[in-house]
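In case you want the letters, here they are:
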Amino acid sequence: MDSQLTCFPYSVGHDGEGVCLLVQIGDHRVLLDCGLADISALEEGLALGGKSPMDVVLCSHAHSDHARGLRQLHQRFPQIPIYASEVTTQLLPLNWLEGKTSQENSVEHGENHGQNLCTALPWRSPIEILPGLVVELFPAGHLPGAALIFLTYTPPEPAQSLQLAALAQNLRPYTVFYTGDFFLSHARLVEGLDLQLVRGLQPDALIIEGIYGTARHPHRRQQENQLVEQMSRVLGEGRSILLPVPILGMGQEILMLLRSHHQFTGRRVDIWVDQSVATGCDAYLEILPHLPSTVQNFARHQPLFWDDRVLPRVRRLTTDFLGSLESSSEPCIVLVDHRNDWSSYYQDAPHNWVLFLPHSGQDSSKQDSRSQDFPSELNIINYLLAQHGDRQGTTQLIHNLRPQHIVFIHGSSTYLEDLTCLEELQSRYQLHCPKAGVLVDLPVGETFVQPSVPIQPNYEGELNELGTVVTITLPEAIAADPRWQKFADTGLVEAHWQGDELVLKGLSAREILQQNPSRTLLGIPCCSNCQYERQQRCTNPHSPLYRFKVPPEGYCPAFVPL
Ligand SMILES: [Zn+2]
Ligand SMILES: [Zn+2]
């Protein structure tokens, strides 16, 4: 008999593409998320004779990489029910705002709440959505409304005469646990996943995201402090900050961080928010009763986002204000929709701006290729404000759940493979790391057979200390990994201690120039090697650049070596 538990990934969320998975559980076909930009792949299944490609759809959260295909899907198959948490139902319409003004949005928002598209399910209440199929949602952290989805299928009780046959057919219940995106730590606007709620569920299969692979992150508070310090320093240098963010999540987190962090409260700086990100903020105001109680308390004393009185001021960036932004000499912070073209902000004076880009496992390669188009005078800072579990968070969730199978999705394939190489997982669970379009069979209850999983190569090297220099020699094979090119790009590495371990990181050309301009510009006549350069300004009255801000690689005839 065919296995009654399988997972067919239409899209596994490798390198930023969306997530869309079809799970066959007992008699039912459940679509988990629909992050496809184009749903035609779902329709191909119909050619094989089905009425619809799935029986029900569940959406984990409102981020576009999990939800953007839902409206198209609903238009094509209006009879198929779609379920999500209540907050996700409210936030979903933000995925389809293109080309509308903020006012039109709020009208649309009023009459076309996600309810038409999607039915809300309460937290932590098992509900039978199809015969024998029960779904229960748990808060996942990561984004308001984000849910862990727990599915239980119980086959119908067979008639007595058929019981033996049923036994022979192994008609048993199945359970699947899907994480969507999850995060264990508390963020400013959403509480972290509470492991106690899901401890010991022992699903037959766990489908789990692994965006950060086996990376280890500092504590969330430490990440916040570091970001705030970096921003504070940049403003102190008289430069403005440009933050491209998605409509939901990161932007609101950063705003809330700046509104409540002691380094910024009371600070005379204007924070501007472009129209689409502002729409996201307004949506947060509508879900205020679902936000953490600390946030609700804050909102009782002052506006959550829009505030003209209390410093720092947070304001909507409308076209009228754009002009005042350009003419103002005061440094400011601007949050823009990351999908838009935001080069116009820094185009005229890139040296006055610093671009803050999120450092995330899966997007780093893309950012690098994009950064090559940036003007060289534009400084870029990669910050970490994680919204997903790191290695510890991921393994903690797994060990608390104790599944039989683990299906890793969502992240670069090298990062996901790193997870399948972890010995602590290999020895306990059956691991899968599927490609899109390849069916994963999840045989249940059988004797433990570990499918062939890759073994992470361990490279042995040699250390040599010669006087003041340490040389590390590694075998050639290490360069076979696709990550090597990026790592070895400049031939320079940065090293730091992490406990007793030494961590090596490849340095990109841009990082070198920004962190320590003199290192690459050593000996070259340029501003960073000139006696008169003080905090990136020229102090030489005989120079045409006198009192101007100068880039490290700048030059004038009045150059005087250090
Ligand atoms: Zn997400
Ligand atoms: Zn995601």
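Residues numbered from 1 in each chain as written. Chains lettered and ligands numbered in written order. Predicted model: local features only at pLDDT ≥ 70, side-chain atom pairs only at ≥ 80, totals over all residues. Heavy atoms only, no water.

### Some thoughts on the overall build of the chain
Keep this limit in mind: A helix here means a DSSP run of H or I that spans at least four residues, while a strand means a run of E at least two residues long, and both kinds are numbered starting from the N terminus. Classification of residues uses two cut-offs on accessible area relative to the type maximum, computed with a 1.4 Å probe and protein chains only: under 20% is buried, over 50% is exposed, and between them is partly exposed. Whether two residues touch is decided by their heavy atoms; if any such pair falls within 4.5 Å, the residues are in contact. All accessible areas in this document rest on Shrake-Rupley with a 1.4 Å probe, and a residue is counted as covered only by the protein chains that are shown.
When you go through the chain residue by residue, the secondary structure sums to 19 helices and 26 strands. A burial count over the chain gives 49% of its 562 residues as buried. Across the chain, the fraction of contacts at a sequence separation of at least 24, relative to all contacts at a separation of at least 6, is 69%. About 27,400 Å² of surface is accessible on the chain, with carbon and sulfur atoms providing 51% of the total.

### Brief notes about the coordination of the zinc ion (ligand 2)
Condition: The donor set covers N, O and S atoms within 2.8 Å of the metal, switching to 3.2 Å for Na, K and Ca, and it leaves out water, so a site may look short of donors. Four donors are marked tetrahedral only if all angles between them lie between 85 and 135 degrees, whereas four are marked square planar and six octahedral if opposite donors are more than 155 degrees apart and the other angles lie between 65 and 115; the remainder are marked irregular.
Looking at the zinc ion (ligand 2), the protein donor atoms are D65 (OD), H66 (NE2), D181 (OD) and H410 (NE2), and they sit 2.1 to 2.4 Å from it. Given four donor atoms and angles of 85 to 150° at the metal, the environment of the zinc ion (ligand 2) is assigned as irregular. The sequence motif formed by the donor residues of the zinc ion (ligand 2) is D-H-x114-D-x228-H. A separation of 3.5 Å is found between the zinc ion (ligand 2) and the zinc ion (ligand 1), both of which receive a donor from D181. One end of the pair, D181, is in the loop between β10 (174-178) and β11 (205-209); the other, H410, is in the loop between β18 (405-409) and α15 (413-420), with 229 residues separating them in the sequence. Residue D181 is classed as buried on the basis of its relative accessible area, which comes to 2%. H410 gets classed as buried once you look at its relative accessible area, which sits at 0%.

### Description of the coordination of the zinc ion (ligand 1)
Bound to the zinc ion (ligand 1) on the protein side are H61 (NE2), H63 (ND1), H142 (NE2) and D181 (OD), at distances that span 2.1 to 2.3 Å. In terms of primary sequence, the donors binding the zinc ion (ligand 1) are separated according to H-x1-H-x78-H-x38-D.

### Describing a nonpolar patch on the surface
Let me state the cut-off plainly: Two joining distances apply to patches: 9 Å for like charges and 5 Å for nonpolar side chains (Val, Leu, Ile, Met, Phe, Trp, Tyr), and every residue must have over 30% relative accessible area and no salt bridge. Each salt bridge in this description consists of a side-chain nitrogen of Lys or Arg and a carboxyl oxygen of Asp or Glu lying within 4 Å of one another.
A surface patch of nonpolar side chains, amounting to about 870 Å² of accessible area, comprises Y459, L463, V470, I472, L474, V493, W497, L502 and L504. When contributions to the nonpolar patch are tallied by element, the ones reaching two or more residues are β22 (469-473), β23 (493-498) and β24 (501-506). In this fold, L504 is placed in strand β24.

### Here's the deal with the pattern of salt bridges
For the coordinates displayed, the defined rule picks out 18 salt bridges. Linking R316 and D282 is a salt bridge whose minimum nitrogen-to-oxygen distance equals 3.0 Å. Of this pair, R316 sits in strand β14 (residues 313-316) while D282 sits in helix α9 (residues 275-286); the two residues are 34 residues apart in sequence, bridging distant segments of the chain. Looking at R316, the relative accessible area reads 32%, which means it is partly exposed. Among the salt bridges present, the one from D481 reaches R483, with a minimum N-O distance of 2.9 Å.

### Points about unusual backbone geometry
Cis geometry marks the peptide bond from L311 to P312, where omega comes out at -5°. Relative to the helices and strands, P312 is located in the loop between α10 (293-301) and β14. We note that Q535 has phi near 45°; this positive angle belongs to a residue other than glycine. You can see Q535 is positioned in the loop between β25 (533-534) and β26 (537-538). Residue class for Q535 comes out exposed when judged on its relative accessible area of 77%. Residue Q536 is not a glycine yet carries a positive backbone phi of 65°.

### Details of the sheet that holds strand β13 (residues 270-273)
Backbone hydrogen bonds are what pair the strands of a sheet, in a parallel or an antiparallel way. Here is the rule we go by: In short, DSSP must find at least two bridges between two strands for them to pair. Lines are fitted to the C-alpha atoms to define the axes, a helix being fitted only along its stretch in contact, and any angle between axes, read from their N-to-C directions, falls within 0 to 180 degrees.
The sheet built from six strands is open, its strands ordered β14-β13-β15-β12-β16-β17 with parallel pairing. Every interior strand has two partners, whereas the edge strands, β14 and β17 (379-383), have only one. Mean inter-strand twist for the sheet, computed between neighbouring axes without regard to direction, equals 25°. Two strands pair when backbone bridges link them, and strand β12 (residues 240-245) and strand β16 (residues 353-358) are joined in this way by three bridges, in the parallel orientation.

### A look at the packing of aromatic side chains
What counts, and what does not: For this analysis, a ring pair means two rings from Phe, Tyr or Trp (six-membered ring only for Trp) whose centres lie within 6.5 Å, classed as stacked if their planes differ by under 30 degrees, edge-to-face if by over 60, and tilted for the remaining angles.
Throughout the structure, instances matching the rule amount to nine aromatic pairs. Measuring from ring centre to ring centre gives 5.9 Å for F150 and F177, while their planes differ by 45°; the resulting arrangement is tilted. Of the two residues, F150 sits in strand β9 (residues 147-153) while F177 sits in strand β10, which places them 27 residues apart along the sequence. For the pair F150 and F177, a shared accessibility class is recorded, and that class is buried.

### Looking at the state of the cysteines
We count it as follows: Disulfides are defined as pairs of cysteine sulfur atoms found within 2.5 Å of each other.
Here the structure, examined in full by the defined rule, presents zero disulfides. Between C421, a cysteine without a disulfide, and C433, which holds the nearest cysteine sulfur, the sulfur-to-sulfur distance is 9.2 Å. Residue C421 is classed as buried on the basis of its relative accessible area of 14%. Cysteine C526 shares no disulfide, and the gap to the nearest cysteine sulfur, in C527, comes to 6.7 Å. Take C526: its relative accessible area is 2%, and that puts it in the buried class.

### Structural notes on the nonpolar core
Keep this limit in mind: Buried Ala, Val, Leu, Ile, Met, Phe, Trp, Tyr and Cys residues form a nonpolar core when they are joined through side-chain atoms within 4.5 Å.
One finds L31, L42, L70, L73, I333 and F356 to be the most contacted residues of the largest nonpolar core, which totals 93 residues. Tallying contributions element by element places helix α8 (residues 250-260) first for this core, with six residues. Setting aside anything within four residues of it in sequence, one finds F356 in contact with L227, Q230, M231, V234, I241, L242, L243, P244, I381 and Y383.

### As for the sheet that holds strand β20 (residues 440-441)
Pairing is mixed in the open sheet, where seven strands are placed in the order β6-β5-β4-β3-β2-β1-β20. If you trace the sheet from one side to the other, it starts and ends with β6 (119-121) and β20, each paired once. When strand β4 (residues 56-58) meets strand β5 (residues 82-85), the two strands line up parallel, connected through two bridges. Residue pairing in the sheet places L58 in a bridge with Y83 of β5.

### Quick notes on the pairing of strand β1 (residues 5-12)
Side chains on a regular strand alternate between the two faces of the sheet. Of all eight residues making up β1, seven are buried, and the element is well covered by its neighbours. Of the pairings in the sheet, the one linking β1 to strand β2 (residues 19-25) comprises seven bridges and is antiparallel in character. By the bridge assignment, C7 is partnered in β2 with V23. Between the end of β1 and the start of β2, which pair antiparallel, lie six residues, with G13 showing a positive phi angle near 70°. Summarising the sheet, β1 and β20 pair through two bridges and their orientation is antiparallel. Bridging from a neighbouring strand, T6 pairs with D441 of β20.

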